[in-house]
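Understanding the architecture of this molecule
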Amino acid sequence: MSSRKTSLPNRDSEDKYSILLPTYNEKENLPLIVWLLVKYLDEGGFSYEIIVIDDGSPDGTLQVAEQLQKIFGEDKILLRPRAKKLGLGTAYIHGMRHATGNFIIIMDADLSHHPKFIPEFIQKQKEGDYDLVSGTRYHGNGGVYGWDLRRKLIRLLHDINDALFHVLLETGGGCLIFFLVVPSLDHSRGANFLSQVLLRPGASDLTGSFRLYKRSVLECLVERCVSKGYVFQMEMIVRARQLNYSVGEVPISFVDRVYGESKLGGNEIVSFGKGLITLFAST
């Protein structure tokens, strides 16, 4: 990807990293992900804040977050809840408005993204003064772990094909038939493969959600993005390409959630398909 360098931060000031954690029914996972974040960021000597954006979780996630705030301190744990579930993209926008760091890190709260990779993100960013650094499951020693063959096949056949049927009916998007021949056993890889074919984004993991941004870059991208939900991640990389921002990559291990159920269902996959068509038509 061609490079559009933003201005270097003031070297006399300390970089601060704001970690945005959108949550919905994550009461079992939140304590461990917060503990791991504190552990690796403290060990690295980084200045940081963890912003929890809970979307009205009925399982008591916010109450757990309040206890974590008492343990780790209000300077480390910021709570910025919303009344109801409003989408992943808007959760990041909401959290960014309250962030005080000059770098923003976005990640999942379900332990799929291990905080141990964050120091590598930071090192990678500094090496090339990248505008954003993305964790990749599909390059180097990155990978996806925790899904057995049966689950991959069931989700591939049930979720993808059912969702595509409705997308094709509603949009006439014949190009999405590529999903049916993607040589992959999980829908994330299939979505990424199709996105690469249609959008040519210059990044190996277009659908991932573990990234580090310069704050000014994220603000600029958010202003231009129109997608909500899971398509938001894809559009951010596409817009970054259009604006010639520089993108670094760090291989990561993506692990299936430990507790709770996946929030990616048929409706989200339909939305992904529609969003992909919109981006394809506009790039």
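Following the sequence through the fold, P251 ends up in strand β8 (residues 247–251). For P251, a relative accessible area of 23% corresponds to the partly exposed category. Between the alpha carbons of P251 and F121 there is a distance of 9.6 Å; along the sequence they are 130 residues apart. Apart from the residues lying within four places of it in its own chain, the contact partners of P251 are F117, T136, H139, G140, N141 and G142.

In this section: the packing of helix α1 (residues 30–43) against helix α2 (residues 61–72). Contact geometry of α1 with α2 gives a least axis separation of 10 Å together with a crossing angle of 30°. Here α1 lies roughly parallel to α2, going by the angle between them. For the pair α1 and α2, the sense of crossing is right-handed. For the pair α1 and α2, the contacting residues are L30, P31, V34, W35 and V38 in the first and T61, V64, A65, L68 and F72 in the second. Split into classes, the residues belonging to the contact of α1 with α2 amount to nine nonpolar, one polar and no charged.

Right, let's talk about the sheet that holds strand β2 (residues 47–54) for a bit. Either a parallel or an antiparallel arrangement is found when strands of a sheet pair, and the pairing is made through backbone hydrogen bonds. Taken in spatial order, the seven strands make up an open sheet running β3-β2-β1-β4-β7-β5-β8, and their pairing is mixed. Two strands in the sheet have a free side with no partner beyond their single neighbour: β3 (77–79) and β8. The sheet shows a mean angle of 20° between the axes of neighbouring strands, direction not considered. Taken together, the three bridges between strand β5 (residues 132–136) and strand β7 (residues 211–214) define a ladder with antiparallel strand orientation. Each bridged residue has a counterpart across the sheet, and for S134 the counterpart in β7 is R211. Contacting β4 (103–106), β5 and β7, helix α7 (residues 215–224) runs over the sheet at an angle of about 95° to β7.

Counting 31 residues, the largest nonpolar core has I19, L21, V34, L37 and I50 as the members making the most contacts within it. Contributions of two or more residues to this core are made by β1 (16–23), α1, β2, α2, β3, β4 and α4 (118–128). Looking at which element gives the most residues to this core, the answer is α1, with seven residues. With residues up to four places along the chain from it excluded, the contact list for V34 reads L21, I50, L68, F72 and I77. Residues L20, L206, V217 and Y245 belong to the second largest nonpolar core, which totals 30 residues.

You can see H94 is positioned in helix α3 (residues 88–98). Side-chain polar atoms of H94 contact the backbone oxygen of R80, separated by 3.2 Å. Residues contacting H94, with those up to four places away along its chain left out, are I53, R80, P81 and R82.

Per the stated rule, a full pass over the model turns up nine salt bridges. The shortest N-O distance in the salt bridge between R215 and E219 comes to 2.9 Å. Remark: E219 and R215 occur in helix α7; sequence separation between them is four residues, near one turn of the helix. Where R239 meets E235, a salt bridge forms, and the shortest distance between an N and an O atom there is 2.9 Å. Of the two residues, R239 and E235 both sit in helix α8 (residues 231–242), four residues apart, roughly one turn of that helix. What makes R239 buried here is its relative accessible area of 12%.

Criteria and cut-off values
Residues numbered from 1 in each chain as written. Predicted model: local features only at pLDDT ≥ 70, side-chain atom pairs only at ≥ 80, totals over all residues. Heavy atoms only, no water. Helix = DSSP H or I, 4+ residues; strand = E, 2+ residues; numbered from the N terminus. Buried < 20%, exposed > 50% of the residue type's maximum accessible area, 1.4 Å probe, protein only. Contact = heavy atoms within 4.5 Å. Axes fitted to C-alpha atoms, helices over the stretch in contact; angles between N-to-C directions. Parallel < 35°, antiparallel > 145°, perpendicular 65-115°, else oblique. Left-handed = near helix turned anticlockwise from the far one by under 90°. Nonpolar A, V, L, I, M, F, W, Y, C, P; charged D, E, K, R; others polar. Pairing = 2+ DSSP bridges. Core = buried A, V, L, I, M, F, W, Y, C linked by side-chain atoms within 4.5 Å. Polar contact = N/O pair within 3.5 Å; in protein donor to acceptor, adjacent residues only side chain to side chain. Salt bridge = Lys/Arg side-chain N within 4 Å of Asp/Glu carboxyl O.

The quantities given are spatial measurements derived from coordinates; they are silent on function.
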